[in-house]
Amino acid sequence: MTEALSREIGKQLEKLKQSILSHNEKGDIYGLFSHHILAGSAEWREEWDVLCDEDWVDKRFDEKNAYSISSLGYSLHNLSSESSKSFTKAFDLLMQRDPFKGSNSNFDPQD
């Protein structure tokens, strides 16, 4: 019984790992979250490639996209001061947005 249970748990953990690793690409917000949660796990550390680099900033950063801003913010400690300036500018723009813009400002999913 214990061996069968251990095998099943192992299978489920492998499925979880594959699901998480499917988001293992630079700037993927779900991958960055997983990287943060699993940062203490040495066995996964070498498999991660989610932190943004200068190439990602130059080619993919979108200052009008909240996910993109979050991805850059998470990765700032690895990047140049120019990237920090881009983040600051984009974050300032994000803070100026009206979160309830438009006519539909209630929380009813039927509207």
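You'll find the structure just up there.
Residues numbered from 1 in each chain as written. Predicted model: local features only at pLDDT ≥ 70, side-chain atom pairs only at ≥ 80, totals over all residues. Heavy atoms only, no water.

Quick look at the overall build of the protein chain
The helix and strand tally for the protein chain stands at six helices and zero strands. By residue count, 22% of the 111 residues in the protein chain fall in the buried class. Total accessible area computed for the protein chain in this model is approximately 8400 Å², and 54% of it derives from carbon and sulfur atoms. (Helix = DSSP H or I, 4+ residues; strand = E, 2+ residues; numbered from the N terminus. Buried < 20%, exposed > 50% of the residue type's maximum accessible area, 1.4 Å probe, protein only. Areas by Shrake-Rupley, 256 points an atom, 1.4 Å probe, with all protein chains shown as cover.)

Re the nonpolar core
In terms of nonpolar packing, the biggest core is built from nine residues, these being Cys52, Trp56, Val57, Phe61, Ile69, Leu72, Leu79, Phe87 and Ala90. Elements with a minimum of two residues in this core: α4 (54-60), α5 (66-75) and α6 (81-96). Every residue in contact with phenylalanine 61, bar those within four places of it in the chain, is listed here: Trp56, Ser68, Ile69, Leu72, Ser86 and Ala90. Membership of the second largest hydrophobic core comes to five residues, among which are Leu21, Leu32, Trp48 and Val50. (Core = buried A, V, L, I, M, F, W, Y, C linked by side-chain atoms within 4.5 Å. Contact = heavy atoms within 4.5 Å.)

Overview of a nonpolar patch on the surface
Residues Leu5, Ile9, Leu13 and Leu16 make up a contiguous nonpolar surface patch of roughly 390 Å² in combined accessible area. Tracing the backbone shows leucine 16 in helix α1 (residues 2-21). (Patch = residues over 30% accessible without salt bridge, like charges linked within 9 Å, V, L, I, M, F, W, Y side chains within 5 Å. Salt bridge = Lys/Arg side-chain N within 4 Å of Asp/Glu carboxyl O.)

A short note on helix α2 (residues 29-37)
All of the buried residues along α2 are Gly31, Leu32 and Ser34. The arc enclosing the buried residues of α2, seen along the axis, measures out at 160°, which places them on a common side. Exposed side of α2, more than 90 degrees from the buried face: Tyr30, Phe33 and Ile37 are the residues found there. Summarising the contacts, the buried residues of α2 are in contact with α1 and α5. By the N-cap criterion, in which a side-chain oxygen at the helix start approaches the backbone nitrogen of a residue two or three places on, α2 is capped by aspartate 28, the distance to tyrosine 30 being 2.9 Å. (Arc of directions from axis to C-beta. Polar contact = N/O pair within 3.5 Å; in protein donor to acceptor, adjacent residues only side chain to side chain.)

Notes on the packing of α5 against α6
α6 packs onto α5 with a crossing angle of 140° between their chain directions and a minimal axis gap of 10 Å. Here α5 is positioned oblique relative to α6, judged by the angle of their axes. For the crossing formed where α5 meets α6, the hand is left-handed. In this structure, α5 contributes Ala66, Ile69, Leu72 and Gly73 to the contact, and α6 contributes Ser83, Ser86, Phe87, Ala90, Phe91 and Leu94. For the contact of α5 with α6, the class distribution of residues is seven nonpolar, three polar and no charged. (Axes fitted to C-alpha atoms, helices over the stretch in contact; angles between N-to-C directions. Parallel < 35°, antiparallel > 145°, perpendicular 65-115°, else oblique. Left-handed = near helix turned anticlockwise from the far one by under 90°. Nonpolar A, V, L, I, M, F, W, Y, C, P; charged D, E, K, R; others polar.)

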